[in-house]
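Understanding the architecture of this molecule
The chain contents come next:
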Amino acid sequence: MNVSETEYQNMKENIVKDLISRLIDERGYNMQKAFDAVYNSRVFEKLSNPKTGLFFQSSGYVYSYLSEELFEGA
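Everything numeric here is computed off the predicted structure, so don't read it as measured data. (Residues numbered from 1 in each chain as written. Predicted model: local features only at pLDDT ≥ 70, side-chain atom pairs only at ≥ 80, totals over all residues. Heavy atoms only, no water.)

**A short note on the packing of aromatic side chains**
Inspection of every chain in the model, using the stated rule, returns 6 aromatic pairs. Considering the side-chain rings of tyrosine 29 and phenylalanine 71, the 6.3 Å spacing of their centres and the 75° angle between planes classify their relative orientation as edge-to-face. Of this pair, tyrosine 29 sits in the loop between helix 1 (5-27) and helix 2 (31-39) while phenylalanine 71 sits in helix 4 (residues 59-71); the two residues are 42 residues apart in sequence, bridging distant segments of the chain. On the accessibility criterion, tyrosine 29 (14% relative accessible area) is buried. Exposure remark for phenylalanine 71: the relative accessible area of 29% places this residue in the partly exposed category. Ring centres 5.2 Å apart and planes at 70° place the aromatic pair tyrosine 61 and tyrosine 65 in the edge-to-face group. On the criterion of helical spacing, the pair formed by tyrosine 61 and tyrosine 65 is a turn pair, its members being 4 residues apart in helix 4. Members of the aromatic cluster, joined through ring pairs, are Tyr8, Phe55 and Phe56. Over the ring of tyrosine 29 we find lysine 33; its NZ or CZ atom is 4.4 Å from the centre of that ring. (Phe/Tyr/Trp six-rings, centres within 6.5 Å; stacked < 30°, edge-to-face > 60°. Helix = DSSP H or I, 4+ residues; strand = E, 2+ residues; numbered from the N terminus. Buried < 20%, exposed > 50% of the residue type's maximum accessible area, 1.4 Å probe, protein only. Lys NZ or Arg CZ within 6 Å of the ring centre and 35° of its normal.)

So this is what it looks like as structure tokens:
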């Protein structure tokens with residue numbers, strides 16, 4: 001499925017927003033810590049590469065990978 005650059009950016013931004021919100025709500029992170037955790041993660045690297053297709057997944061699915069990376073040391 002082909003998506004435009006604008007659609008891809010919107011999908012990616014929505015997932016990032018959800019990831020940050022979940023870190024704040026579920027893990028008690030402050031805004032800066034949540035932003036840093038997401039934007040410095042390997043998950044964000046993969047999300048930033050449209051060829052991975054990760055942006056097509058739900059934010060919950062992506063959050064499971066972020067949680068694994070941040071909290072399980074994967």
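**Considering the confidence of the model for the chain**
The predicted model of the chain averages 95 in pLDDT, with 96% of residues at 70 or higher. Of all the helices and strands in the chain, helix 4 carries the lowest mean pLDDT, 96, while helix 2 carries the highest, 98. (pLDDT = per-residue confidence, 0-100.)

**Here's the deal with the packing of helix 1 against helix 2**
It is at 9 Å that the axes of helix 1 and helix 2 come closest, and there the two elements cross at 130°. Here helix 1 lies oblique to helix 2, going by the angle between them. Every pair of crossing elements has a handedness; the one defined by helix 1 and helix 2 is right-handed. Residues Val16, Leu19, Ile20, Leu23 and Ile24 of helix 1 form the contact with helix 2, whose own contacting residues are Met31, Ala34, Phe35, Ala37, Val38 and Tyr39. When the residues that make up the contact of helix 1 with helix 2 are grouped by side-chain class, the tally is 11 nonpolar, no polar and no charged. (Axes fitted to C-alpha atoms, helices over the stretch in contact; angles between N-to-C directions. Parallel < 35°, antiparallel > 145°, perpendicular 65-115°, else oblique. Left-handed = near helix turned anticlockwise from the far one by under 90°. Contact = heavy atoms within 4.5 Å. Nonpolar A, V, L, I, M, F, W, Y, C, P; charged D, E, K, R; others polar.)

**Observations concerning helix 1**
Taking 1.5 Å per residue as the helical rise, helix 1 with its 23 residues ought to reach 33 Å, and the 32 Å between its terminal C-alpha atoms agrees with that figure. Taken residue by residue, helix 1 has Tyr8, Lys12, Ile15, Val16, Leu19, Ile20 and Leu23 as its buried positions. Turning to helix 1, the residues buried within the fold contact helix 2, helix 3 (42-47) and helix 4. Of the residues flanking the end of helix 1, it is glycine 28, one or two places downstream, whose phi is positive at about 75°. (Expected span 1.5 Å × (residues − 1).)

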